[in-house]
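Chain residues, written in single-letter form:
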Amino acid sequence: MPTTSQAGEVPARSKRADALRNQQTLLAAAAAVFVTSGVDAPIREIAARAGVGMGTIYRHFPTRADLVVAVYRHQVEACAEAGPSLLDSADSPFAALRQWVDLFVDFLVTKHGLANALQSDSGGFDALHAYFLDRLVPVCAQLLDAADNAGEIRPGTHAYELMRGVGNLCVGRDSDPRYDPRRLVELLLRGLQRPQSP
C-alpha cells in the first residue's frame, strides 16, 4: 500500500492517476471544441473549456498535431468502450446502435480535420486509420448483430459498410453550413429498420 513520504508528498501512483484523469478531461474538452469549432479552434478555447491554462495543454501536447492525434485516439477509445455499455443500458439494441452512431458522427467531424493537422505525415494518418478500423468495426458489428438478432433491422448490413456510409454522409459539413449530416444519418438508420408488422 503506498504511503505518504515524510515531506507529505502524494504517492507517485496517485500522481499518475491524477495526471491521467486530468489529461482525459483535457482531451474530452478538446474533442467537444473540435466538434463545434473544428481542429483549428484556438488553444485558449480548449483551455477554457478544460479549466486549465494554455501552458498545461502545450506541456502535454507541444504541437496542434499532437493534440489532434491524442483527441482522435481518445475518441476512438470512447466509441469502442461505448458500444457494449450502450447495449447494456439502452431500451433496445437498435436504440444502442442509434446512440453509438451519434457518437461516431461526433468522432467523424473531428477526424475530417486530422489529415490537415498532420499535413505531410501520411504514414501517421494511415496508421491511425488502421487503428480506427481495428477498434471500431468489431464494436459496430456487435451492435448490428444485436439489433439483427432482436429482429429490429434488416439482415445483411456489414459494419464497415455502415461506417463508410455514415462517414460519406458526414463529408461536406465543413464547406456548407446548410448541410446537416445528422439528418441524413438518421434517414440511413431508419432505412436499416425492419418494417413493423401491422
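What you are looking at is a predicted structure, and each value in this text was computed from that prediction instead of being measured. Position numbers for residues count from 1 along each chain, tracking the sequence in the order it is written. Only residues with pLDDT of at least 70 get local features here, since the model is predicted, and only at 80 or more are side-chain atom pairs given and counted; chain-wide, interface and lining totals rely on the full set of residues. Note: side-chain values were computed over all heavy atoms of the structure, leaving out hydrogens and water.

Asker: Where do I start with the overall build of the protein in this structure?
Answerer: Helix numbers and strand numbers start at the N terminus; a helix is a DSSP run of H or I with at least 4 residues, a strand a run of E with at least 2. Secondary structure assignment for the protein yields nine helices and zero strands. For the protein, the sequential pattern of α-helices and β-strands runs α-α-α-α-α-α-α-α-α. Residue burial in the protein is summarised as follows: out of 198 residues, 37% are buried. We call two residues in contact when some of their heavy atoms are within 4.5 Å. For the protein, contacts bridging at least 24 residues in sequence account for 66% of all contacts bridging at least 6. Only protein chains enter the area calculation, which uses a 1.4 Å probe; residues under 20% of their type maximum are buried, those over 50% are exposed, and those in between are partly exposed.

Asker: Which parts of the structure should I look at to understand the nonpolar core?
Answerer: Taken as a class, soluble globular proteins show a tendency for nonpolar side chains to be buried jointly. Membership of the largest hydrophobic core comes to 36 residues, with the highest contact counts inside it found for Trp-100, Phe-104, Phe-107, Leu-136 and Val-166. Mapped onto this core, the elements with two or more residues apiece are helix H4 (64–89), helix H5 (93–111), helix H7 (122–149), helix H8 (159–170) and helix H9 (181–192). Sorting elements by how many residues they give to this core places H5 first, with ten residues. With near-sequence residues (within four places) excluded, Leu-136 lies in contact with Val-76, Cys-79, Ala-80, Trp-100, Phe-104, Phe-107 and Met-163. The definition of a nonpolar core used throughout is a set of buried Ala, Val, Leu, Ile, Met, Phe, Trp, Tyr and Cys residues joined through side-chain atoms within 4.5 Å. Phe-34, Ile-43, Ile-46 and Leu-67 belong to the second largest nonpolar core, which has 17 residues in total.

Asker: Would you mind showing me how to read the packing of H8 against H9 here?
Answerer: For any two helices packed against each other, the geometry comes down to the angle between their axes and how far apart the axes lie. Packing of H8 against H9 leaves a shortest axis separation of 8 Å and a crossing angle of 150°. By the angle between their directions, the pair H8 and H9 is classed as roughly antiparallel. Of the two elements, H8 crosses H9, and the hand of that crossing is right-handed. Listed contacts from H9 to Leu-162, Gly-165, Val-166, Leu-169 and Cys-170 of H8 are Pro-181, Leu-184, Val-185, Leu-188 and Leu-192. Residues of the contact of H8 with H9, tallied by class, amount to nine nonpolar, one polar and no charged. Only C-alpha atoms enter the line fits that serve as axes; for helices the fit covers just the stretch in contact. Angles between N-to-C directions range over 0 to 180 degrees. Throughout this description, any angle smaller than 35 degrees is read as roughly parallel, any larger than 145 degrees as roughly antiparallel, any in the 65 to 115 degree range as roughly perpendicular, and the remainder as oblique. Note on convention: the crossing is left-handed when the near helix lies turned anticlockwise from the far helix by less than a right angle, right-handed when the turn is clockwise. Side-chain classes follow a simple rule in which Ala, Val, Leu, Ile, Met, Phe, Trp, Tyr, Cys and Pro form the nonpolar group, Asp, Glu, Lys and Arg form the charged group, and the remainder, Gly included, forms the polar group.

Asker: I'm lost on the pattern of salt bridges in this one. Help?
Answerer: Two side chains with opposite charge may pair up if their charged atoms get near one another. Counted as salt bridges are all cases of a side-chain nitrogen of Lys or Arg within 4 Å of a carboxyl oxygen of Asp or Glu. Applying the stated criterion to the full structure yields five salt bridges. A salt bridge links Arg-182 to Asp-102, with the nearest nitrogen and oxygen atoms 2.3 Å apart. Note that Arg-182 is positioned in helix H9 and Asp-102 in helix H5, a separation of 80 residues in sequence.

Asker: Would you mind going over the environment of Ala-141 with me for this structure?
Answerer: With respect to the secondary-structure elements, Ala-141 resides in helix H7. The partly exposed category is assigned to Ala-141, whose relative accessible area is 25%. Spatially, the C-alpha atoms of Ala-141 and Tyr-160 are 8.2 Å apart, while their sequence positions differ by 19 residues.

Any link to function would need more than the numbers given here.
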